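A closer look at the structure
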Amino acid sequence: VALSLETGSDVRDEGNAAPFARVSTTVQYEFKSLGGNLEAALTLIATRACSITRGTGAAIALAGENGMTCRAAAGNNVPQIGAPVNISSGFTGACIRELRALRCDDTEFDSRVDADACRSLEIGSILAAPVIYERDLVGLVEVFSAVPYAFDDGDLAVVERLAQTVVLTLSRAEVFRQEHT
């Protein structure tokens, strides 16, 4: 999945709830260019999540036989690839329980967040969106910033859109695998 966004001067449009108001809303998916490499596609999505939202780190976790684990990461202060993701508590748990995108403006004062853990990882704000396929939770996209109040509603919409891109990536990876086996 080659994800491209034609950008204007800024992805966000001040005063407009539509996150792509001044940019092309075209997101192109060219999975074949990555040769069916799911990890490369997920890493590309994580990298774009960082750059579009100005986050300092991003991670994508997928559900599997052993629970949810980190499958891709970009930037700083992110979990290691293969690290288990605790979906029963904290901010991640809240996102999973509510099955909707969430924003934490300040990790020091948000009751959903483990403030000590965020302090040790130097995380000041967080965006999280569940990856849902046909009503099933299949993963999670999270973006982190070292500073509080780094994100706005437009950034949250971007992360929601990228969570949908993960679903497309997974389905195309499966099609690619079936065509080449």
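All of the points below concern the structure found in this document. (Residues numbered from 1 in each chain as written. Predicted model: local features only at pLDDT ≥ 70, side-chain atom pairs only at ≥ 80, totals over all residues. Heavy atoms only, no water.)

1. Quick word on unusual backbone geometry
Even without a glycine there, the phi angle at Leu99 is positive, about 50°. Summarising the element assignment, Leu99 is placed in the loop between α2 (90-98) and β5 (102-104). Here the phi dihedral of Arg135 falls at roughly 70°; this positive angle occurs in a residue that is not glycine. For Arg135, the position within the fold is in the loop between β6 (125-133) and β7 (136-145). With a relative accessible area of 81%, Arg135 lands in the exposed category. (Helix = DSSP H or I, 4+ residues; strand = E, 2+ residues; numbered from the N terminus. Buried < 20%, exposed > 50% of the residue type's maximum accessible area, 1.4 Å probe, protein only.)

2. Some words on the layout of surface pockets
Taken as a whole, the largest pocket spans an internal volume of roughly 490 Å³. The wall of the largest pocket is formed by 24 residues, among which Asn86, Thr92, Leu121, Glu142 and Phe144 lie closest to the centre. Of all the secondary-structure elements, those providing two or more residues to the lining of the largest pocket are β3 (57-64), α2, α3 (115-120) and β7. Here the residues of the lining of the largest pocket sort into 17 nonpolar, five polar and two charged. (1 Å grid on protein atoms, 1.4 Å probe; cavity = no way out; pocket = protein on both sides within 12 Å on 5 of 7 lines; lining within 4 Å. Points joined across faces, edges and corners; volume = space filled by probe spheres on them. Nonpolar A, V, L, I, M, F, W, Y, C, P; charged D, E, K, R; others polar.)

3. Digging into the pairing of strand β4 (residues 67-75)
Here eight bridges tie β3 to β4, and the two strands are oriented antiparallel to one another. Counted as the bridge partner of Leu62 is Thr69 from β4. Where β3 folds back on β4, the antiparallel hairpin that results is connected by two residues. (Pairing = 2+ DSSP bridges.)

4. Observations regarding helix α1 (residues 38-53)
When the terminal C-alpha atoms of α1 are compared, their 23 Å separation across 16 residues agrees well with the 22 Å that a helix rising 1.5 Å per residue should span. Backbone nitrogen of Glu39 and a side-chain oxygen of the N-cap are separated by 3.1 Å at the start of α1; the cap is Asn37. Arg54 occupies a position one or two residues after α1 and carries a positive phi of about 65°. (Expected span 1.5 Å × (residues − 1). Polar contact = N/O pair within 3.5 Å; in protein donor to acceptor, adjacent residues only side chain to side chain.)

5. Some points on the nonpolar core
Counting 28 residues, the largest nonpolar core has Leu42, Ile60, Val141, Val143 and Val166 as its most contacted members. Counting only elements with at least two residues in this core, the list comes to α1, β3, β4, β6, β7 and α4 (153-179). Looking at this core, the element that brings in the most residues is α4, giving eight residues. Ignoring sequence-local partners within four residues, the contact set of Val143 consists of Ala49, Thr53, Gly55, Gly57, Ala58, Ser125, Ile126, Leu127, Phe151 and Val159. The next biggest cluster of nonpolar side chains, apart from the first, holds 18 residues, and it includes Ile96, Leu102, Val113 and Leu140. (Core = buried A, V, L, I, M, F, W, Y, C linked by side-chain atoms within 4.5 Å. Contact = heavy atoms within 4.5 Å.)

6. A closer look at the sheet that holds β4
Read from one edge of the open sheet, five strands run β4-β3-β7-β6-β5, paired in antiparallel fashion. Both outer strands of the open sheet, β4 and β5, are each paired with one neighbouring strand and no more. Here the strands of the sheet are splayed against their neighbours by 20° on average, with no regard to which way each runs. Packed onto the sheet, α1 meets β3, β4, β6 and β7 and runs at close to 60° relative to β4. (Axes fitted to C-alpha atoms, helices over the stretch in contact; angles between N-to-C directions.)

Read these as spatial facts, not as claims about activity.
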